[in-house]
Structures are given as structure tokens and as C-alpha cells.
Amino acid sequence: MKRKHVFPIAVAAILALTLLSATSCKTSGMAVTSRGHIINLDITAPKDLPNDGVDNLDVSIGNMGVNNMQDILLEVEMPPQLIVMDQTSDRGVDVFHTPGTNMYRFTFGNIQAGERSTVRFRVQTAFGSMEKTSVKATAWQEALPGDKLVESAMIKLRH
């Protein structure tokens, strides 16, 4: 590519990124804010498990932007078909769970640019008469469009 063609393309790319971050958008587990955050919420779960199967389910929140994110609340809603056997999280994450409920709340004080923090659940399936179930995670932060970012994952019964 000739040198005189590279400059307009670079300017157009920078302009597109600037407009994208200025308008704040949110799609499929990722949001861009006006404060330079590119927030990524991801659930890593097995696609299918047998009844009484045991596996890990990870929920991670990442800051792929250029500024630190502060004061993030993450709620993970476990369906009744998943029994949580154990739960662990990265250092610096506060966990709030009321025994007997399926709602887990986590607070992250600061996630630096380029950093990812993960909470892990060791789960066992109890599908009963159900063929599938889903896990829902919601991240809350004041800079997010609509103040929240939602992601879900489906786990099917393996026959």
C-alpha cells in the first residue's frame, strides 16, 4: 500500500473508534463507555453436562480499555438445576451470598486497564425433568450504558 493511502485510512480508523466510544454502546457481553472503558463480561460454561455431572463455571469481567474501572458490582444468578459445590474468586474480590439463595454478589474495587478478574463456581447438575438451564450474570457500574451489562449462558442435558 502506498504511503499516501495509509494516512487517510488511519485517520478514518481513529475517528471511528472515537465516535464509538463517545456514543457508548453495548453488545453481547461487551460495552464501550465514554470514560475509555471497554468492559467485557463473559461466562465460560460447559455446553452440555450429564445429570449429576460436575464441572467448572467461570464468570469473568475484564477492562480492555485505557482507564481503570472502579466500584463494579457483579451479580450471578444460578438456576435451581445447578448445585454450587464450591466458589472461589480472584484476590481483592468481596463475595456476598445468603445461604439458601441462588444469587451471588461480588464487588470489585478496581480493575485496571488490560486486567481481567474471574469468579469460579464448581457446580453439579440436577436437571430433573428439565432439558436445559441457563446462568445469568449482570455487571453494574455507573459508566455503563444503562448502568448495567447482562450476559447469559445455556447448559444442556447430555443424554
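Residues numbered from 1 in each chain as written. Predicted model: local features only at pLDDT ≥ 70, side-chain atom pairs only at ≥ 80, totals over all residues. Heavy atoms only, no water.

1. What about the overall build of the protein chain?
Here is step 1: Counting its secondary structure elements, the protein chain contains one helix and twelve strands.
Here is step 2: Reading the helices (α) and strands (β) of the protein chain from amino to carboxyl end gives α-β-β-β-β-β-β-β-β-β-β-β-β.
Here is step 3: Sorting the 159 residues of the protein chain into buried and exposed places 35% on the buried side.
Here is step 4: Of the contacts formed within the protein chain by residues at least 6 apart in sequence, a portion of 69% connects residues at least 24 apart.
Here is step 5: Surface accessibility of the protein chain: about 9,300 Å² in total, with carbon and sulfur atoms responsible for 53%. (Helix = DSSP H or I, 4+ residues; strand = E, 2+ residues; numbered from the N terminus. Buried < 20%, exposed > 50% of the residue type's maximum accessible area, 1.4 Å probe, protein only. Contact = heavy atoms within 4.5 Å. Areas by Shrake-Rupley, 256 points an atom, 1.4 Å probe, with all protein chains shown as cover.)

2. Re the sheet that holds strand E9 (residues 103–111)
Here is step 1: Ordered in space as E4-E12-E11-E6-E9-E8, the six strands form an open sheet in which the pairing is mixed. Each end of this open sheet is capped by a strand with a single partner; those strands are strand E4 (48–49) and strand E8 (93–97).
Here is step 2: Two elements, strand E11 (residues 132–140) and strand E12 (residues 148–157), share nine bridges in a ladder whose sense is antiparallel. Along E12, the bridge assignment pairs Ser134 with Met154. (Pairing = 2+ DSSP bridges.)

3. Overview of the nonpolar core
Here is step 1: The biggest cluster of nonpolar side chains holds 31 residues, and the ones touching the most others in it are Leu57, Val59, Leu74, Val76, Met78, Phe106 and Phe121.
Here is step 2: Contributions of two or more residues to this core are made by strand E3 (38–44), strand E5 (54–63), strand E6 (69–77), E9, strand E10 (115–125), E11 and E12.
Here is step 3: Setting aside its immediate chain neighbours within four residues, Val76 contacts Val59, Asn102, Met103, Tyr104, Phe106, Phe121, Val135, Lys136 and Ala137. (Core = buried A, V, L, I, M, F, W, Y, C linked by side-chain atoms within 4.5 Å.)

4. Concerning unusual backbone geometry
Most peptide bonds take the trans form, and the phi angle of most residues other than glycine is negative.
Here is step 1: Phi is positive for Asp52, close to 70 degrees, though the residue is something other than glycine.
Here is step 2: Its identity as a non-glycine residue notwithstanding, Asp71 has a phi of 55 degrees, on the positive side.
Here is step 3: Mapped onto the elements, Asp71 comes out in strand E6.
Here is step 4: Residue classification places Asp71 among the exposed residues on the basis of a relative accessible area of 62%.

5. Section: the confidence of the model for the protein chain
Low-confidence regions, as indicated by low pLDDT, have predicted coordinates that should not be scrutinised in detail.
Here is step 1: Residue-level pLDDT values for the protein chain average 84, and 82% of them are 70 or greater.
Here is step 2: Overall, residues 18–27 carries pLDDT values under 50, and its contacts beyond four positions in sequence, including any with other chains, amount to 17 contacts. (pLDDT = per-residue confidence, 0-100.)

6. Side note on the packing of aromatic side chains
Here is step 1: Within the structure shown, the criterion is met by two aromatic pairs.
Here is step 2: For the ring pair Tyr104 and Phe121, a centre distance of 5.1 Å and an interplane angle of 75 degrees mean the geometry is edge-to-face. Placement of Tyr104 in strand E9 and of Phe121 in strand E10 is noted, with a sequence separation of 17 residues between them. Accessibility assignment for this pair places Tyr104 and Phe121 in one class, buried.
Here is step 3: Centre to centre, the rings of Phe106 and Phe121 are 6.1 Å apart; their planes meet at 75 degrees, and the pair counts as edge-to-face. Here Phe121 lies in strand E10 and Phe106 lies in strand E9, a separation of 15 residues in the sequence.
Here is step 4: Within the aromatic cluster, the residues linked to one another by ring pairs are Tyr104, Phe106 and Phe121. (Phe/Tyr/Trp six-rings, centres within 6.5 Å; stacked < 30°, edge-to-face > 60°.)

7. Quick look at the pairing of E11
Here is step 1: Of the pairings in the sheet, the one linking E6 to E11 comprises five bridges and is antiparallel in character. Paired with Leu74 across the strands is Ala139, a residue of E11.

8. A word on the pattern of salt bridges
Here is step 1: With the rule as written, the count across this model stands at three salt bridges.
Here is step 2: For the salt bridge of Asp48 with Arg158, the shortest nitrogen-to-oxygen distance reads 3.5 Å. With Asp48 in strand E4 and Arg158 in the segment after E12, this residue pair connects regions lying 110 residues apart in the sequence. (Salt bridge = Lys/Arg side-chain N within 4 Å of Asp/Glu carboxyl O.)

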